[in-house]
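Coordinates in review
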Amino acid sequence: MTDASTGTTALADPDGPAPAGPSGRGPRARDTVAYLRYGAGKLLGAAVSLFAVLVTSFFLFRIIPGDPVRTITHGRAVSEEQLQALRRQFGIDKPLWEQFTLYCGQALQGDFGNSYQLHDPVGELIWNRLPATLLLTGTAFVLYSLIGVWLGTRSAWRSGGLGDRFNTGLSLTLYSVPSFWLGLMLINVFAVGAGFVPGLFPTGLMESGDGSTGLAHALDVAHHMVLPVVTLVAVGYAQTLLVMRSSLLDEMGGDYLTTARAKGLRDTLVRRRHAVPNALLPTVTLLFVNLGHVVAGQILVETVFSWPGLGGLFYDALSIPDLPLLQGLFFVFAAGVILMNTLADLIYPLLDPRVGR
Amino acid sequence: MTTAPLLDIKDLNVTYGTGAAAVRGVDLTLAAGQKLGIAGESGCGKSTLALALLRLLPAGAKLSGEILLDGEDVLTMKWGRLRAVRWAGASIVFQGAMHSLNAVRRIGDQIAEPMLIHRTAPPSGVRKKVAVLLEHVGLPASRADSYPHELSGGQRQRVMIAMALACDPKLIVADEPTTALDVMIQAQILRLIEQLVAEQNVGLIMISHDLAVLADTCDRLAVMYAGRVVEQGPAAQVYESALHPYAKALSAAFPRIGDPASRHAPRGLAGDPPDPSDLPPGCTFHPRCPVALDRCAVEDQALRGEEERRAACVHV
Amino acid sequence: MTTTDTPTTDTPAKTTSPKSTRALARDRRRQSVARFWRQYRTHRAGLFGLASLALFVLLALLAPLLVGADVQSVTKAPGRPLEAPGGEFPLGTDKYGRTMLGLLIWGARFSLTVGFLAAALSVAIGTLIGITAGHYKGWYATVIMRVTDWFLVMPTLVLAIALASVLSRSIWTIILAIGVTTWPTTARLVRAQTLAVESRPYIERAKALGGGHTHIMTRHVLPNVMPLVLAQTTLVISSAVLTEATLAFLGLGDPTVTSWGGLLQDARDAGATTKWWYVVPPGIAIALVALSFTLCGRAVESVLNPRLGVSR
């Protein structure tokens with residue numbers, strides 16, 4: 001309630017026609033300044049968060065008990081000189097503080113050192129695998145956001161009905177299913193074939209490697225993508241649906257909807273023009289805050305489907321454990337989520353005029 | 001042209017899905033250009049009455065009786081016709097304008113919306129009409145680009161009024177238009193409504209718990225209690241010398257400026273209005289009535305008296 | 001909204017009523033529990049969740065009697081590897097020839113234990129941070145909420161995986177990894193509730209009467225946020241069970257005990273994911289337990305806050 005603060009301005013309101021306020025450009029310019037200040041604040045916050053991630057990624061992988069060099073050599077008989085050489089090679093012979101400053105400096109240039117296992121620069125490994133992950137996550141994210149918002153809207157509008165109960169029940173169930181298990185099931189049924197269902201979709205990697213190009217190649221990739229995307233969407237849409245549903249239910253008591261109905265708007269128009277835009281605000285926020293969970297699903301689904309992205313790379317690095325690679329991947333995952341959230345923060349004022357002015 | 005009233009409500013009953021009888025057998029008439037005030041505590045059914053006029057009650061509410069708007073029964077209208085009548089035939093200024101406006105859409109768009117829906121202005125001329133309306137209610141035309149949260153409470157109420165006028169309706173229902181505002185702004189908004197109603201010869205139904213405000217603005221008053229009209233008549237008479245004990249209590253509830261006696265008068269009523277789903281037998285007011293007789297507990301009281309001035313009390 | 005509205009335990013009795021204030025408070029608490037249960041009972045999904053949980057807990061508790069710890073033994077495996085269901089093995093055998101049904105029952109012990117303990121740790125951290133962040137104003141609250149927000153957007157599973165991968169493999173590692181990464185949601189909820197409680201007049205009175213910070217937080221705020229914390233706990237258990245399964249599946253679980261996620265990892269290791277009896281039952285068990293906790297949590301939530309419109 002902002003009524004307390006509005007009292008004073010209201011008193012100044014003249015009885016007759018108010019004098020035309022500052023020319024039309026005035027408030028707009030003020031808006032722009034306010035938005036820039038808001039945006040700058042968000043960017044600064046993101047920078048602080050990124051630095052915190054950097055610090056975390058450094059120390060997290062150094063509390064490991066034991067000697068990483070021993071891990072690399074897999075317990076083979078190696079002379080002390082060789083161990084020292086390895087330590088020097090990976091920069092773990094220096095004091096912790098020196099390692100940290102070095103790490104930060106290099107990380108800012110995108111240099112996360114070399115993989116223990118593959119010996120390639122971590123940055124390069126990540127860069128090569130990034131497109132596959134972006135393709136999969138992006139597709140799944142867009143799909144489950146749309147499906148969740150759409151079904152959530154339908155559910156709330158006919159809340160308590162058969163459709164609502166089915167929708168809510170199904171989404172809660174899918175939400176409780178481990179993503180990797182659902183992936184395995186889908187592989188069993190639709191890739192291997194089970195019962196009367198033949199193997200419809202290929203799995204493993206993102207292309208058949210038959211050297212096709214252009215449209216044929218795109219179709220091939222799409223074909224490989226079906227099952228992983230279905231898995232991610234199935235376990236991911238529930239939260240969107242539930243939040244959209246409950247925020248729309250909250251809005252449905254809103255007086256402004258009665259106003260809209262009183263104006264003579266059709267029911268569908270009341271919903272589309274008035275209720276949904278308001279209910280979308282909390283949903284969008286949640287979609288972005290929960291991106292962290294998407295990363296989790298991504299790792300598992302890529303592992304199960306052998307998708308050649310960052311998630312699979314993470315799983316491989318985990319079994320060694322390949323510290324520089326894990327470190328780099330952790331930073332990339334966390335930074336990605338922070339960047340997307342910052343982006344959402346910057347877009348948000350366009351959806352909700354009450355924010356950032 | 002005709003003598004038929006603008007609005008003629010006959011034996012209106014509203015029962016909510018929960019079993020609450022919110023409005024029970026209300027008869028009211030309103031001629032074009034006339035101003036009718038409806039008073040009562042919260043929960044007496046006055047807001048239900050306002051929503052019933054345009055069939056805006058939640059699904060599950062049962063309505064019976066007749067609501068003749070310009071001779072046409074709102075309750076039996078087809079959906080298409082009803083949508084056409086909404087806002088173009090009768091519009092509503094809702095209470096608490098903060099929540100009655102959509103927070104994420106610009107003021108101008110919200111005022112323009114009914115005009116576009118009802119095609120009362122060509123799309124090209126809508127912006128101009130919005131500017132005219134805003135200036136009419138005392139706001140600069142540039143406010144059309146603002147969002148509700150950028151306005152003060154009084155300004156938002158002005159926007160609601162501009163919106164209500166958008167399609168030139170014959171009837172405006174103002175449901176507690178000034179409740180959330182402080183006294184100075186209240187007076188401004190009341191003057192504005194009065195002025196607009198006089199200029200455009202529309203009928204006005206104003207709903208409030210504040211009898212003084214209504215008496216000041218309206219020609220006639222109806223006092224509601226537990227879903228029923230318990231007293232009606234010319235505004236000054238009902239306010240100054242109420243017949244029904246409830247109306248008396250209501251008019252004493254607000255002190256009169258310049259009348260020292262009113263400060264010492266017993267004020268307010270003990271107890272709460274009855275639960276509409278569990279009404280007491282007999283006269284519904286008897287449990288709180290200071291002058292109740294034994295028979296009040298069993299005998300229901302109908303409105304009685306002359307056509308112009310009636311009350312539903314055993315003492316009348 | 002909350003069940004205990006006025007704390008009575010700490011105000012000295014002014015009346016000479018025969019009942020002590022302590023007894024009065026106990027009565028009131030019992031009444032509110034009864035009221036809570038009456039409302040909870042109307043949620044069919046919540047009842048289903050509760051019944052299924054009771055079943056799982058019972059199975060887990062009785063597992064030593066039903067199947068015995070030997071069921072885990074690889075060397076004493078009674079069957080041949082990967083036998084299909086039938087006869088002696090209603091759900092077939094795993095890659096070592098152990099009976100799947102027995103492993104499944106035994107696995108409930110581990111999954112539920114981890115779920116409860118990890119959720120307890122997570123909710124305890126969240127409640128502590130939430131109440132203090134809501135109670136103390138100034139830089140402490142600002143900093144702590146910043147940290148919470150940061151944790152909130154972090155990919156928690158990646159963090160948990162990282163923790164689990166750098167620490168030694170044991171049940172405590174898993175509990176720690178889940179507990180210290182999932183508290184921010186609880187902290188936010190509890191903080192909001194704390195702010196709401198502290199704005200009530202009787203807190204003002206308690207302060208005026210000389211109640212210290214600890215007194216106000218433990219005697220006034222805590223009882224009022226408890227119902228919310230209860231609802232939150234069930235929801236956190238649900239996700240803890242899922243996370244535990246995930247960590248086990250990624251090979252980060254405790255290799256010495258049987259867990260549902262671990263069974264799935266075994267199946268994958270053995271290339272036996274197409275053997276339905278090896279893969280389907282553990283998955284369903286995980287999903288059912290997670291779903292049951294979620295349903296309970298939602299029912300509790302909607303009793304506490306009917307406006308949410310959950311399964312009416």
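Residues numbered from 1 in each chain as written. Chains lettered and ligands numbered in written order. Predicted model: local features only at pLDDT ≥ 70, side-chain atom pairs only at ≥ 80, totals over all residues.

1. Some details on the overall build of chain B
From N to C terminus, chain B includes 11 helices and 12 strands. By the compact-globule yardstick of 20 Å for 316 residues, chain B fits well, its C-alpha radius of gyration being 20 Å. In terms of its C-alpha atoms, chain B occupies a principal-axis envelope of roughly 65 × 50 × 40 Å. Residue burial in chain B is summarised as follows: out of 316 residues, 48% are buried. (Helix = DSSP H or I, 4+ residues; strand = E, 2+ residues; numbered from the N terminus. Rg over C-alpha atoms; globule rule 2.2 N^0.38 Å. Buried ≥ 20, exposed ≤ 12 C-beta atoms within 10 Å, placed from the backbone.)

2. Points about the overall build of chain A
The helix and strand inventory of chain A stands at 14 helices and 0 strands. Counting from the amino terminus, helix and strand elements in chain A follow one another as α-α-α-α-α-α-α-α-α-α-α-α-α-α. Nonlocal contacts in chain A, meaning residues at least 24 apart in sequence, comprise 70% of its contacts between residues at least 6 apart. (Contact = placed C-beta atoms within 7 Å.)

3. Describing the sheet that holds strand β12 (residues 309-311) of chain B
All names here are of chain B. One open sheet accounts for 8 strands, arranged β6-β7-β8-β3-β9-β10-β12-β11; its pairing is mixed. The open sheet is flanked by β6 (90-93) and β11 (304-306), the only strands paired with a single partner. The sheet shows a mean angle of 15° between the axes of neighbouring strands, direction not considered. In the sheet, strand β3 (residues 35-39) pairs with strand β9 (residues 220-225) via 4 bridges, with the strands oriented parallel. Residue pairing across strands places leucine 36 opposite arginine 220, the latter belonging to β9. Of the strands in this sheet, β3, β9 and β10 (228-234) touch helix α10 (residues 245-252), which is tilted by about 110° from β9. (Pairing = 2+ DSSP bridges. Axes fitted to C-alpha atoms, helices over the stretch in contact; angles between N-to-C directions.)

4. What about the nonpolar core?
Generally speaking, soluble globular proteins have nonpolar side chains that are buried together. With 250 residues, the main nonpolar core has Leu329(A), Val223(B), Ile161(C) and Ile286(C) as its most contacted residues. At 16 residues, helix α9 (residues 213-249) of chain C tops the list of elements feeding residues into this core. Sequence-distant contacts of Ile161(C), that is, excluding residues within four places in its chain, are made with Leu318(A), Leu247(C), Leu250(C) and Leu252(C). (Core = buried A, V, L, I, M, F, W, Y, C linked by C-beta atoms within 7 Å.)

5. Describing the interface of chain A and chain C
Contacts between the two partners involve 38 residues from chain A, matched on the other side by 34 residues from chain C. Among the secondary structure elements, those contributing two or more residues to the side of chain A that touches chain C are α2 (25-60), α7 (162-176), α8 (179-193), α9 (214-252), α12 (291-305), α13 (310-319) and α14 (323-351) of chain A. A per-element tally of the side of chain A that touches chain C places α14(A) first, with 7 residues. Residue classes in the side of chain A that touches chain C are distributed as 27 nonpolar, 11 polar and no charged. (Nonpolar A, V, L, I, M, F, W, Y, C, P; charged D, E, K, R; others polar.)

6. Some thoughts on the UniProt feature "transmembrane region" (unreviewed entry) in chain A
Residues and elements named next belong to chain A. When the UniProt feature table is mapped to this numbering, "transmembrane region" (unreviewed entry) covers residues 43-64, 130-151, 172-201, 221-243, 279-305 and 325-351. Helix makes up 96% of residues 279-305 and strand 0%, with an end-to-end C-alpha separation of 35 Å. Between the end C-alpha atoms of residues 325-351 there is a gap of 38 Å, over a span that is 100% helix and 0% strand. (UniProt positions renumbered as here; feature names shortened; annotations may be inferred.)

7. Brief notes about α10(B)
All names here are of chain B. Extensive coverage of α10 is indicated by the burial of 7 of its 8 residues. Of the residues making up α10, those classed as buried are Pro245, Tyr246, Ala247, Lys248, Ala249, Leu250 and Ser251. Against the buried residues of α10 lie β3, α8 (211-217), β9, β10 and α9 (235-240).

8. Regarding the sheet that holds strand β4 (residues 62-69) of chain B
Residues and elements named next belong to chain B. Spatial ordering of the open sheet is given by β2-β1-β4-β5, a layout of 4 strands whose pairing is antiparallel. In this open sheet, the two edge strands, each paired with only one partner strand, are β2 (21-30) and β5 (72-73). Bridge count for strand β1 (residues 7-15) against β2 is 6 bridges, and the pairing is antiparallel. Paired with valine 14 across the strands is valine 23, a residue of β2. Relative to the sheet, helix α1 (residues 46-53) contacts β1, β2 and β4, its axis offset from that of β2 by approximately 65°.

9. What to know about the pairing of β1(B)
For a regular strand, side chains alternate in direction, first toward one face of the sheet and then toward the other. Residues and elements named next belong to chain B. Sheet analysis places β1 next to β4, joined by 7 bridges and oriented antiparallel. Residue pairing in the sheet places asparagine 13 in a bridge with serine 64 of β4. In sequence, β1 turns back onto β2 through a hairpin of 5 residues, with glycine 19 there showing a positive phi of about 95°.

10. As for the confidence of the model for chain B
Taken as a whole, chain B shows an average pLDDT of 85; of its residues, 93% reach a score of 70 or greater. Across the predicted assembly, pTM comes out at 0.80 and ipTM at 0.86. (pLDDT = per-residue confidence, 0-100.)

11. A few points about the environment of Gly305(B)
All names here are of chain B. The residue glycine 305 is located in strand β11 in this model. Taking the C-alpha atoms as reference points, glycine 305 and glutamate 231, separated by 74 residues in sequence, lie 9.9 Å from one another. If near-sequence neighbours (up to four positions away) are discounted, glycine 305 is found in contact with Arg310, Ala311 and Val316.

12. Considerations on helix α10 (residues 260-269) of chain C
Because an α-helix packs 3.6 residues into every turn, residues spaced three or four apart end up facing the same way. Residue and element names in this part refer to chain C. Burial analysis of α10 places 8 of its 10 residues in the buried class, which makes it a mostly covered element. Taken as a whole, α10 has its buried residues at Trp260, Gly261, Gly262, Leu263, Leu264, Gln265, Asp266 and Ala267. Looking one or two residues beyond α10, the residue adopting positive phi is glycine 271, at roughly 60°.

13. Things to note about the packing of α12(A) against α14(A)
Residue and element names in this part refer to chain A. Put simply, α12 and α14 touch, their axes get as near as 9 Å, and they point 145° apart. Taken as a pair, α12 and α14 cross one another with a handedness that is right-handed. Every residue of α14 that contacts α12 at Leu291, Gly292 and Val295 is listed here: Phe333, Val337, Met340 and Asn341. Residue classes in the contact of α12 with α14 are distributed as 5 nonpolar, 2 polar and no charged. (Left-handed = near helix turned anticlockwise from the far one by under 90°.)

14. Observations regarding the packing of α13(A) against α14(A)
Residue and element names in this part refer to chain A. At their nearest, the axes of α13 and α14 sit 9 Å apart, and the two run at 145° to each other. Relative to α14, the crossing made by α13 is left-handed. Together, Leu310, Leu313, Phe314, Ala317 and Leu318 of α13 and Leu325, Leu326, Leu329 and Val332 of α14 make up the contact between the two elements.

15. A short note on the pairing of β9(B)
All names here are of chain B. The element β9 is largely enclosed, with a buried count of 6 among its 6 residues. The two faces of β9 match: Arg220, Ala222 and Met224 on one face and Leu221, Val223 and Tyr225 on the other face are all buried. Pairing geometry for β9 and β10, over 6 bridges, is antiparallel. Counted as the bridge partner of arginine 220 is proline 234 from β10.

16. A word on the environment of Glu199(B)
Residues and elements named next belong to chain B. By the secondary structure assignment, glutamate 199 is in helix α7 (residues 183-200). A tally of 9 C-beta atoms within 10 Å means that glutamate 199 is categorised as exposed. Distance from glutamate 199 to leucine 243, taken between C-alpha atoms, is 33 Å for residues 44 residues apart in sequence.

17. Notes on unusual backbone geometry
At Glu176(B), a residue that is not glycine, the phi angle is positive and equals roughly 50°. Secondary-structure assignment places Glu176(B) in the loop between β7 (171-175) and α7.

18. Section: the environment of Thr294(C)
Relative to the helices and strands, Thr294(C) is located in helix α11 (residues 276-304). Sequence separation between Thr294(C) and Val221(C) is 73 residues; the distance between their C-alpha atoms is 26 Å.

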